[in-house]
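Here is how the chains run, residue by residue.
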Amino acid sequence: MKKTVFQKKFFVIFALILTSFLAFQDAKAGSWKIETVDSKEVVGRNSSLAVDSNNKTHIAYYDSTNKYLKYITNSSGSWKTKSIENMGEDPGSGGISIAVDADDTPHICYRISADKVRYAVKVSGAWTAEEIDTGHEGCSIAFDSNDNLYIAYQGGADLRLKLAARPSGSSSWATDEINSDEVGDVSLAIDSNNKLHIVYQDQINEYLKYTTNKSGVWSTAEVINADSGMKKLLPSIAFDFENKVHITYTSFTASQNEFKIKYATNLSGSWAREEIGAGAISSIAINNNKVYIAYYGPRLKYANKNSGSWQSEIIDSNGDTGSFASLKINSSGKAFISYFDGPNGDLKYATNVPVVQASIDSGIYSKAQKISLSSDYTATIYYTLDSSIPTTSFVQYTSSIKINKPTSLRFFARDSSNDQSEVQAKQYIITPTPFLYQANAIINYQNGKVKIYNNKRKYTGKSFYPFGKNYKGPAVFLTIGDPNNNQDGELVASTRSQIKILTKSGKTKYKIKTPSYRIKAADINMDGKEEILVGWKNKLKIYSGRKKIASLELNRWIKDFAAARLSNRKKPNLVIATWDDKLAIYNYRNKKFKLKKTKNYSLITLQAIDINNSGLDRLVVRKNNQIKIVNSNFKTLYTIKKTGILTVADLNKDNKLEVVLNSFGNHFLSYQKSGKTFKKIKDYKLKGFNFGGRF
C-alpha cells in the first residue's frame, strides 16, 4: 500500500481543527514561565522533548522553512541550536522523537521524505545519522534502565508495526515485525521492569490498539477504541507506579468536523475511556501517580485529573498556539513542555514555576500562630520575618514558623532548574482580644434551666440547672467565657451572692464567693487568658480563676461595663456606665486603672464589638427603644431600631461578629454590618432569656 492520506494529515487539516474549536472555556493559567527558544524563520512543528539527569532540556523539531531536522538544548546554561539533516517535506505529527541515555546523550529518530526511518546521535559534540529502515509515518524512541535503545515505527512496504533494538554499547540494529497490522501513529514506553509497551493506530480498521512484551513475547493487540466513524490519532503513552498504562490520543469525527482529546487506562484491569475536551495533538506524563496532559485546544492547555474530574488550564493564550506539544515531568514534579507557536512560526518552551502557599493567611490573631509553607512541587523555600526581600542567601524553610508578634513574612521558592516563584508577603498581627470566645451557640435560660441550641435553633440535648432545680433565690446573670483557659467555653453564672463556672454539661468547675450585679468575661490582661469582670454597687473586681487580681472603686454605682480596644490593639480600655448617666473610660495596664476621660451619656446596657475584624472595637449601647453602635467619642455610626437584652455573638459562623438582641415577644434577633447599615440576618424565635455562647 502507498502512503496514506494521513501521512501529511496535520499539515493539511489544521484549518479544520480551528473551526471545530468554536466553543471552549478559558481557565485561569497557573504559574508558568514561557520562552521563545527558536524564532529563525518557521520552526517548531513536530517537536519532541526530553529532560536529562541535570534537568536540562533537549528538543528535536522541524524547520519548515529550510526543511531540516533541528535540535536545541539549554544544557550549557543558554539555548543552543543545531541543524542536523535535511528531511525534505514535513514529516507529519509523530515524525520526530527524542530521548536521552544514561550519560545524558541525545538520540533522535525521525522520518524523511524519502520514506526512510533515520536515527541521529550526538557523539563527541558532533551529530551522526544513519538509516534504520523504510517507513512512512511516525516513530517513537526510548531507553530501558540498562541503556538499551528501542525505536517503534511504521516500517516496510506493508506499513507494519516494527521495532528496532540496539543493545547498550553496540552499534548494530536488530529489527523485528511485531504484528501484521497496518499502522499509522505509534508511541513507545518502557516500564520499570524494562518491558515494552506500544500504542498505535490501526489504519485499516480505524482502531486504537495496544501491545506489550511483558510476558516475554509480544501480546495479541488489544483494541482500546473501536468507535466507528472516528479516527484515533497521535497516541501518547505513560506508566504509573504500578506499571498501569495511561494513554492520551486525538479523535477526529469527520462527519462533525470535531477533534477531541481522549484518555484511556487499564488501571482497573480492563480498558476505560474518558473524554477530556476539544483539542488535538496531546502528550501525557505521570508524576506521583497523577496524570497530566499537554495539548492544543487551540491554545496550549494543561490538564490533570483532580477529585475524579478533568481540569484544564491555559498555559499560553497567544492565539493559535500550542500545537505539537511534548510534555515531560521530572521526579520533583516540574513540568517541561515544547510546542509550536502558529501565529509567529516559533518554537516555544514552557515550564511551571513553584507556587508557594502559607497555611494561615494574613490577619489579626489573638494568639501565636504556626505558619507552614509548602510548594506545589519539590522546591527550596526561602523566607524573611523582617519585611526584607528574601534571596537564596536567606533562611531556608524546614519547619513551621512560630509567629508571636506583629510580623511581615516574605517568602519564595526555587526549584532544581533555578526557576523561582515571585516573592509573596503575609502580614500577621498578634494581639490578644478582650473577647476570645465569639459565640456560635445559643444559650437559653428559662425557669432556672439552661438549654443549649445550635445556630440553627436545634436543641443539642444539653441542659442543666446552674444553681439547682429548686433554686428560688435572686435573678441569675449569665455569660460565656474561658476562665479555665482550656479553649472550651464555660458558663459563668452569678447570683447576688456567688459566681459559678460550669462546663457545657453543667458540672461546676469552681465557685467565687462574691456579690455581683453584672458579670463579663474578657481577656483584660491581653495575655490570651480570660478573666471574669464582676460589677457590684460602686465596685468593679477582676478575677483570674478564683483569685482577685484587681479592683476599682467609684463614687457612684455601676450600671454596666465593657472591655474594649478603642484606640490600641494591644492596650485595652474599660468603659463603665453608672446609674447617674455618666460614662468613664479607663486605661487598664499592669492590673491598674487610670481614668482617661468621662462623658455624660445615658444608656441601659453596654457591649463591645469589632465590626471590621480590625482588632479595634466599637461600643454597642442600648438606649431606650433602639441600639446604637458608637465610636470611642460616642459618635453614632449605626442605629438598629429595635431593643432588647443585648449580647454580641457569631451565630452565623462567618468570623464576623453580630449584634444579638433578646427582643420582647419571644424574638431572638441577630444583626450584622452590611455596607453602611446593620442588617437583620435572622430571627431565632426562642422563648426565655437567650444569649450567644461558644459551647
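Details of the structure are given in the entry above.
Conventions we followed
Residues numbered from 1 in each chain as written. Predicted model: local features only at pLDDT ≥ 70, side-chain atom pairs only at ≥ 80, totals over all residues. Heavy atoms only, no water. Helix = DSSP H or I, 4+ residues; strand = E, 2+ residues; numbered from the N terminus. Buried < 20%, exposed > 50% of the residue type's maximum accessible area, 1.4 Å probe, protein only. Contact = heavy atoms within 4.5 Å. Disulfide = S-S within 2.5 Å. Core = buried A, V, L, I, M, F, W, Y, C linked by side-chain atoms within 4.5 Å. Polar contact = N/O pair within 3.5 Å; in protein donor to acceptor, adjacent residues only side chain to side chain. Pairing = 2+ DSSP bridges. Axes fitted to C-alpha atoms, helices over the stretch in contact; angles between N-to-C directions. Salt bridge = Lys/Arg side-chain N within 4 Å of Asp/Glu carboxyl O. Phe/Tyr/Trp six-rings, centres within 6.5 Å; stacked < 30°, edge-to-face > 60°. Lys NZ or Arg CZ within 6 Å of the ring centre and 35° of its normal.

Engineer: Would you explain the overall build of the protein in this entry?
Structural biologist: Counting secondary structure elements, the protein contains two helices and 59 strands. In the protein, buried positions account for 55% of the 695 residues. Long-range contacts, defined as pairs at least 24 residues apart, comprise 46% of the intrachain contacts of the protein with a sequence gap of at least 6.

Engineer: Please explain the state of the cysteines as it appears in this structure.
Structural biologist: Note on terminology: a disulfide is the covalent bond linking the sulfur atoms of two cysteines. Per the stated rule, a full pass over the model turns up one disulfide. Cys109 shares a disulfide with Cys139; S-S distance 2.4 Å. On the S-S bond that ties Cys109 to Cys139, the torsion sits near 110°, and the link is right-handed. Separated by 30 residues along the polypeptide, Cys109 in strand E7 (residues 106-112) and Cys139 in strand E9 (residues 126-143) bring together distant segments of the chain. In terms of burial, Cys109 and Cys139 fall into one category: buried.

Engineer: Is there a simple way to think about the nonpolar core in this case?
Structural biologist: Generally speaking, soluble globular proteins have nonpolar side chains that are buried together. Leu533, Leu540, Ile542, Leu574, Ile576, Tyr586 and Phe593 are the most contacted members of the largest nonpolar core, which has 18 residues in total. Elements that contribute at least two residues to this core include exactly strand E45 (539-544), strand E46 (547-553), strand E47 (558-564), strand E48 (573-578) and strand E49 (582-589). Contact partners of Ile542, with chain neighbours within four places excluded, come to Ile524, Glu531, Ile532, Leu533, Lys547, Lys548, Ile549, Ala550, Leu574, Tyr588 and Phe593.

Engineer: What should I look at first to understand the side chain of Asp185 in this one?
Structural biologist: Position of Asp185 relative to the elements: it lies in strand E12 (residues 174-190). At 3.0 Å, the side chain of Asp185 and the backbone nitrogen of Leu234 are in polar contact.

Engineer: Please clarify how the sheet that holds strand E4 (residues 68-73) should be interpreted in this entry.
Structural biologist: Strand pairs in the sheet, formed through backbone hydrogen bonds, run parallel or antiparallel to each other. The strand order E2-E3-E4-E5 describes an open sheet built from four strands, whose pairing is antiparallel. The strands lining the two open edges of the sheet, one partner per strand, are strand E2 (43-51) and strand E5 (80-86). Ignoring strand direction, the axes of neighbouring strands in this sheet form an average angle of 20°. In this sheet, E5 lies alongside E4 in antiparallel orientation, the contact comprising six bridges.

Engineer: Looking at this model, I keep getting lost on the side chain of Ser326. Mind explaining?
Structural biologist: Take Ser326: it is sitting in strand E24 (residues 321-329). Separated by 3.0 Å, the side chain of Ser326 and the backbone nitrogen of Leu49 make a polar contact. With sequence-adjacent residues up to four places away left out, Ser326 is seen in contact with Ser47, Ser48, Leu49, Ser283, Phe336, Ile337 and Ser338.

Engineer: Help me understand the pattern of salt bridges, please; the structure alone is not making it clear to me.
Structural biologist: Side chains carrying opposite charge are able to pair once their charged atoms draw close together. Applying the stated criterion across every chain, the model contains 23 salt bridges. The shortest N-O distance in the salt bridge between Lys70 and Asp38 comes to 2.9 Å. With Lys70 in strand E4 and Asp38 in strand E1 (residues 32-38), the pair connects residues that are 32 residues apart, well separated along the chain. Taking the shortest distance from any N to any O, the salt bridge between Lys209 and Asp202 comes out at 3.0 Å. Each member of the pair Lys209 and Asp202 is classed as buried.

Engineer: Please explain the packing of aromatic side chains as it appears in this structure.
Structural biologist: Working definition: an aromatic ring pair is given by the centre-to-centre distance plus the angle between the planes. Inspection of every chain in the model, using the stated rule, returns 17 aromatic pairs. With centroids separated by 6.4 Å and ring planes inclined at 70°, the aromatic side chains of Tyr383 and Tyr397 adopt a geometry described as edge-to-face. Within this pair, whereas Tyr383 is found in strand E31 (residues 380-384), its partner Tyr397 is found in the loop between strand E32 (395-396) and strand E33 (401-403), the two being separated by 14 residues in sequence. Judged by its relative accessible area of 17%, Tyr397 falls in the buried class. The rings of Trp32, Tyr292 and Tyr302 are connected pair by pair, giving a single aromatic cluster. Taking the ring centre of Phe336 as reference, the NZ or CZ of Lys334 above it sits at 6.0 Å. A cation over an aromatic ring shows up here: Lys520 above the ring of Phe561, its NZ or CZ 5.2 Å from the ring centre.

Engineer: Got a minute to help me understand unusual backbone geometry in this structure?
Structural biologist: Between Gly297 and the following residue, Pro298, the backbone shows a cis peptide bond with an omega angle of -10°. Topologically, Pro298 is positioned in the loop between strand E21 (290-296) and strand E22 (300-306). Of note, the phi angle at Asn243 is positive, near 60°, even though the residue is not glycine. By secondary structure assignment, the location of Asn243 is in the loop between strand E16 (231-239) and strand E17 (245-253). Judged by relative accessible area, which is 18%, Asn243 ranks as buried. Positive phi values are uncommon outside glycine, yet Asn288 reaches one of about 50°. Its location among the elements puts Asn288 in the loop between strand E20 (280-287) and E21.

Engineer: What is the right way to look at the sheet that holds E45 in this model?
Structural biologist: The antiparallel open sheet is built from four strands, whose spatial order is E43-E44-E45-E46. Two strands close off the open sheet at either side, each with one partner strand: strand E43 (518-522) and E46. The sheet shows a mean angle of 20° between the axes of neighbouring strands, direction not considered.

Engineer: Just checking my understanding: could you explain the pairing of strand E51 (residues 605-609) for this structure?
Structural biologist: Looking along a regular strand, one sees the side chains alternate between the two faces of the sheet. The buried fraction of E51 is high, at five of five residues. Side chains Thr605, Gln607 and Ile609 of E51 all project onto a buried face; the interleaved residues Leu606 and Ala608 project onto the opposite face, where all are buried too. Bridge analysis of E51 against strand E52 (residues 618-623) gives five bridges, and the strand direction is antiparallel. In the sheet register, Leu606 faces E52, and the bridge partner there is Val621.

Engineer: Whenever I open this one, the pairing of strand E6 (residues 96-100) confuses me. Can you help?
Structural biologist: Here E6 lies mainly inside the structure; five of its five residues are buried. Burial of E6 is two-sided: the residues Ile96, Ile98 and Val100 facing one way and the residues Ser97 and Ala99 facing the other way are all buried. Hairpin connection between E6 and E7: a loop of five residues separates the two successive antiparallel strands, and Asp104 in this loop has a positive phi of roughly 65°.

Engineer: Hey, could you run me through the environment of Leu491 in this one?
Structural biologist: Within the secondary structure, Leu491 sits in strand E40 (residues 490-494). Counting along the chain gives 18 residues from Leu491 to Lys509, while the straight-line C-alpha distance between them is 9.9 Å.

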